[in-house]
Amino acid sequence: MCLPMHAVSSMDVLTSNWSNIQSLPESYVFPLERRPGTNNIPASKDIPIINLENIYGPERPEIVQHIIKASQDFGLFQVINHGVSRDLMDQTMRIFQDFFASPAEFKSRFYSNDLNSSCRLYTSTLNYKNETVHYWRDNLTHRCHPLEDHIIHWPENPSGYRNIIGKYSIEARKFLLTMLELICEGMGLETGYFGGELSKTQLISVNHHIPCPNPSLTLGMPEHCDPNLISMLQQGNISGLQALKDGRWIGIEPLPNAFVVIPGLQLRVISNGKLSSAVHRVVTNSKESRTTIGTFVAPSSDILIRPADSVLKESSLTPLYRGYTYKEFFSMFTGNNCEAERALECFKL
Ligand code: OGA
Ligand code: NI
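Note that the structure is a prediction, hence the values are computed from the model and not measured.

Caption draft 1: Main features of unusual backbone geometry. With an omega of -5°, the peptide bond running from His145 to Pro146 counts as cis. Mapped onto the elements of the fold, Pro146 is located in the loop between strand E4 (138-143) and helix H5 (147-150). The omega torsion of the bond from Asn157 to Pro158 falls at 0°, within 30 degrees of zero and hence cis. Relative to the helices and strands, Pro158 is located in the loop between H5 and helix H6 (161-186). Even without glycine at this site, Asn81 takes up a positive phi of about 55°. Position of Asn81 among the secondary structure elements: in the loop between strand E2 (77-80) and helix H3 (86-100).

Caption draft 2: Structural detail: the packing of helix H2 (residues 60-73) against H6. Contact geometry for H2 and H6: axes closest at 9 Å, N-to-C directions at 90°. As summarised for this structure, H2 and H6 are arranged roughly perpendicular, according to the angle between their axes. Together, Arg60, Val64, Gln65, Ile67 and Ile68 of H2 and Met179, Glu181, Leu182, Ile183, Glu185 and Gly186 of H6 make up the contact between the two elements.

Caption draft 3: Examining the pairing of strand E5 (residues 201-209) more closely. Of all nine residues that make up E5, eight are buried, and the element is covered over most of its length. Sheet analysis places E4 next to E5, joined by six bridges and oriented antiparallel. Considered in E5, the bridge of Asn139 is made with Asn207.

Caption draft 4: Spotlight on the coordination of the nickel ion (ligand 2). Protein ligation of the nickel ion (ligand 2) involves His224 (NE2), Asp226 (OD) and His280 (NE2), the donor distances falling in the range 2.0 to 2.1 Å. Here the donor residues of the nickel ion (ligand 2) are spaced in sequence according to H-x1-D-x53-H.

Caption draft 5: Molecular detail of the site of ligand 1. Close to ligand 1 lie Asn207, Met221, His224, Asp226, Leu233, Leu241, His280, Val282, Arg290, Thr292 and Phe296. In this structure, an oxygen atom belonging to ligand 1 sits 2.9 Å away from a side-chain N or O atom of Asn207. A distance of 3.3 Å separates an oxygen atom of ligand 1 from a polar side-chain atom of Asp226. With the chains in place, 96% of the 290 Å² that ligand 1 exposes on its own is no longer accessible. Mapped onto the shell around ligand 1, the elements with two or more residues apiece are strand E6 (221-224), strand E11 (280-282) and strand E12 (290-298). Element by element, the count of residues in the shell around ligand 1 is highest for E12, at three residues.

Caption draft 6: Quick peek at the UniProt feature "domain: Fe2OG dioxygenase" (unreviewed entry) in the protein chain. Listed under "domain: Fe2OG dioxygenase" (unreviewed entry) in the UniProt record, and renumbered for this structure, are residues 199-299. Along residues 199-299, the helical share is 6% and the strand share 44%, with 5 Å between the first and last C-alpha atoms.

Here is what the cut-offs are and how they apply
- Residues numbered from 1 in each chain as written.
- Chains lettered and ligands numbered in written order.
- Predicted model: local features only at pLDDT ≥ 70, side-chain atom pairs only at ≥ 80, totals over all residues.
- Heavy atoms only, no water.
- Helix = DSSP H or I, 4+ residues; strand = E, 2+ residues; numbered from the N terminus.
- Axes fitted to C-alpha atoms, helices over the stretch in contact; angles between N-to-C directions.
- Parallel < 35°, antiparallel > 145°, perpendicular 65-115°, else oblique.
- Contact = heavy atoms within 4.5 Å.
- Buried < 20%, exposed > 50% of the residue type's maximum accessible area, 1.4 Å probe, protein only.
- Pairing = 2+ DSSP bridges.
- Donors = N, O, S within 2.8 Å, 3.2 Å for Na, K, Ca; no water.
- Near = heavy atom within 4 Å.
- Polar contact = N/O pair within 3.5 Å; in protein donor to acceptor, adjacent residues only side chain to side chain.
- Areas by Shrake-Rupley, 256 points an atom, 1.4 Å probe, with all protein chains shown as cover.
- UniProt positions renumbered as here; feature names shortened; annotations may be inferred.

This is how it looks when you write it as structure tokens:
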């Protein structure tokens, strides 16, 4: 049966509304060369784990160097003793799991494919209607900072949503701004470089993947680089995140107490290529639902992004990118099918 697109409602397309899926629908089957395949990729023991416990003691310079090295070598690392309480992490995870388990009628209120919608629930990608293959993923996204400007657009249910997610957003922001401060120190930039407009925007973006009948044929999220300044992920305890390292996919172990930190492409530009931003993707599994909570900090639209003067001066480097506003970058990003690296090509010198 083939329904005209206007007859397909959010109720039908959101995977979190499905039950008892016995086989993978054809529209989720990737062409051969893009399938993740059956060889199980184990979690890598090489991914750096940064411990922030003694960040205000004499070990700080060492921790800073560890972060810079991890950003250079992997473009992704895990952080423990990050200051966000386990209790708040667990409550936040529970709220989002309950959100995706809510009745279809409730969720349909938030369903939108409009990038400008203030609180948006969608499935696969924003391009659902035109894409040839769908990703096995639902996503809920909204802005979080300043809290008072955005909280009115958030769901009020599951009960406690605004209270808990509000607290989490504040704590997540503190954590990411601390990470940016440490990166600032490690790159020898002037104090406060990433404060203000460069880190003004904050989004929460929650991925939810129901168990998939055939994980070898499909993906939960395409391979991509994060377009923003810096990202953090709370993975819970179900694996699925993979990063590309030296041409091979490696698994990122789900550590329930840790945040995965990914420097975004804007950090690559500001550091003039010194820091990298890992290419990563999400694979599905057939046994358990997986929910990951992403928090993304990004520049405000009109701010100019360019390789930092002090980075260029220090080693008399020539800039690898021309300056651009984040708005310009973002329009290239959406115009290039949300492929951030492709968008960045436009600003390379
Ligand atoms: C993202 C992302 C990974 C995950 O949202 O950009 O890479 O594990 N998420 O959900
Ligand atoms: Ni990502």
